[in-house]
Amino acid sequence: MQSITILGATGSIGKSTLAVINEHPQRFNLFAVTAHANVAEMLSICARFNPTYAVMVDEQAGLALRQQLLEQRSSTEVLIGPAALLDVASASEVDTVMAAIVGAAGLLPTLAAVNAGKRILLANKEALVMSGQLFMDAVARSGAELLPIDSEHNAIFQCLPTAAQQALGQADLAAHGVSKILLTGSGGPFRELPLAELAQQTPAAACAHPNWSMGQKISVDSATMLNKGLEYIEARWLFNCQREQLEVVVHPQSVIHSMVSFTDGSVIAQLGQPDMRTPIAYGLSYPARISSGVAALDFSQLSQLTFSTAEAARYPSLALAIEACWQGQAATTMLNAANEIAVEAFLGTQIGFTAIAEICDRVLNEIAVIPVSSIDDVIAIDQQARQVAQRWVEHYRLC
Ligand code: NDP
Ligand code: MG
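About the thresholds
Residues numbered from 1 in each chain as written. Chains lettered and ligands numbered in written order. Predicted model: local features only at pLDDT ≥ 70, side-chain atom pairs only at ≥ 80, totals over all residues. Heavy atoms only, no water. Buried < 20%, exposed > 50% of the residue type's maximum accessible area, 1.4 Å probe, protein only. Helix = DSSP H or I, 4+ residues; strand = E, 2+ residues; numbered from the N terminus. Contact = heavy atoms within 4.5 Å. Patch = residues over 30% accessible without salt bridge, like charges linked within 9 Å, V, L, I, M, F, W, Y side chains within 5 Å. Areas by Shrake-Rupley, 256 points an atom, 1.4 Å probe, with all protein chains shown as cover. Salt bridge = Lys/Arg side-chain N within 4 Å of Asp/Glu carboxyl O. Near = heavy atom within 4 Å. Polar contact = N/O pair within 3.5 Å; in protein donor to acceptor, adjacent residues only side chain to side chain. Nonpolar A, V, L, I, M, F, W, Y, C, P; charged D, E, K, R; others polar. Domains from an automatic or database assignment. Buried area = accessible area lost by both parts, 1.4 Å probe.

## A word on helix H1 (residues 12–22)
An α-helical turn contains 3.6 residues, so any two residues separated by three or four positions project in the same direction.
Item 1. Of all the residues in H1, the buried ones are Ile13, Gly14, Ser16, Thr17, Leu18, Val20 and Ile21.
Item 2. Taken together, the buried residues of H1 touch strand S1 (2–7), strand S2 (28–35), helix H2 (39–49), strand S5 (96–99) and helix H12 (277–285).

## A few points about a nonpolar patch on the surface
Item 1. Judged by side-chain polarity, Leu271, Phe299, Leu305 and Phe307 come together as a nonpolar surface patch covering roughly 370 Å² of accessible area.
Item 2. With respect to the helices, strands and loops of the structure, Phe307 is situated in the loop between H12 and helix H13 (316–327).
Item 3. The class for Phe307 is partly exposed, based on a relative accessible area of 43%.

## Describing the site of ligand 1
Item 1. In the region of ligand 1, 24 residues are neighbours, and Thr10, Ser12, Ala37, Asn38 and Glu126 sit closest.
Item 2. One of the backbone nitrogen or oxygen atoms of Gly8 is found 3.3 Å away from an oxygen atom of ligand 1.
Item 3. Here Thr10 contributes a side-chain N or O atom positioned 2.6 Å from an oxygen atom of ligand 1.
Item 4. When residues of the shell around ligand 1 are traced back to their parent elements, those giving at least two are H1 and helix H6 (125–142).
Item 5. Taken together, the residues of the shell around ligand 1 sort by class into 13 nonpolar, eight polar and three charged.

## A word on the domain arrangement of the chain
A common way to state how big an interface is: give the accessible area lost once the parts meet.
Item 1. Once the domains are mapped, the chain shows domain 1 (1–147) and domain 2 (327–398).
Item 2. Its C-alpha centre places domain 1 at a distance of 27 Å from the equivalent point of domain 2.
Item 3. Domain 1 puts 12 residues into the contact, and the matching count from domain 2 is 13 residues.
Item 4. Interface area for domain 1 against domain 2, summed over the two sides, is near 840 Å², with a carbon-plus-sulfur share of 69%.
Item 5. Linking domain 1 with domain 2 are zero salt bridges.
Item 6. For the pair domain 1 and domain 2, the interface holds six residue pairs in polar contact (both at pLDDT 80 or more).
Item 7. Going through the elements one at a time, helix H5 (107–115) and H6 are the ones with two or more residues in the side of domain 1 that touches domain 2.

Next comes the structure, spelled out in structure tokens:
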């Protein structure tokens, strides 16, 4: 039995993870689930899976959950507050931690799991974007086993030779015959929209992804393609890429989840349905394979696979992220923080869609890129960037 903690169990990735676990009751045991404040979803998870612990970050929600579980005579114990996230991520009973909290809030719990040497299924890309080398050094130090869940990185991982998989974060790609990693992205819901109409797009339109069903924040990131920018940074750290070894390719059908190009002219791709249960099942069972509940592709229904480059004028956030990636750690920490503030303001209809990239640009231009040598430095830069971004939100506020 593999004992599992799911950080962010009530979210899109959390629910897909539970769906895979549900298919294999003899194989997986749910130790802990965590959420921010969603009591109704937590109650339903506890009733179905009976985890040992349920963590609520929000105090009122935690008290309400505890009361209702008591009334139902549930054996699940409720822990309340952010420190409990770290406890259930690092507990000695746990083998595997699914890191699926959205945004910077996932950094410390994910690092707690890393430092405790767990198998980490990394969905929370923001944690790695914020802390890059520090995160990978902690993995190397603790002997944690890091497996990428983001579909593109999971695809790339699947395409790499076993020796490169085993040296994740430190592999010399060229020595393994890899010439380039090709990160695919759909281009989001606004790929064909006239550029002049971008500014008026609503949160509902931005969240209506053509292929994937995901949480709100990553859906907006997909519309700006900052998601691909964050993934570019994520790939740089996971696969130890040089600048010339990493490229973004627009592929609207989301059938190829990413590709690896080799020195002999071969290109290996991973294909599948746009359904996160496939990479999640791979991470849970690696190096074996188990059923995920996802049907195989039906090639008789696939008429075409198309590819193009990302239009600079449509996706300014992507270029910002690529520049930040090679500028230094502080730049990517700032970009992530500024984006989280701007996306939240956009979802709250305080700013327009195109203001998201403009706010990120303003923050990157305003704050100096200083050296980062500790997680405390990361948190300080994150906080500073949030304050500056909040000021720019006021500047761009819709009347
Ligand atoms: P969701 O918004 O659907 O879920 C987020 C989860 O995090 C929820 O369980 C939520 O709890 C919890 N949470 C939110 N804020 C906090 C906080 N401050 N402290 C603790 N927990 C918190 O997100 P997704 O599942 O879509 O994404 C999760 C991560 O996975 C992101 O980093 C995303 O980039 C990545 N990812 C997602 C993919 C997808 O298909 N969805 C694909 C690839 C990567 P509550 O419900 O109580 O608010
Ligand atoms: Mg992805």
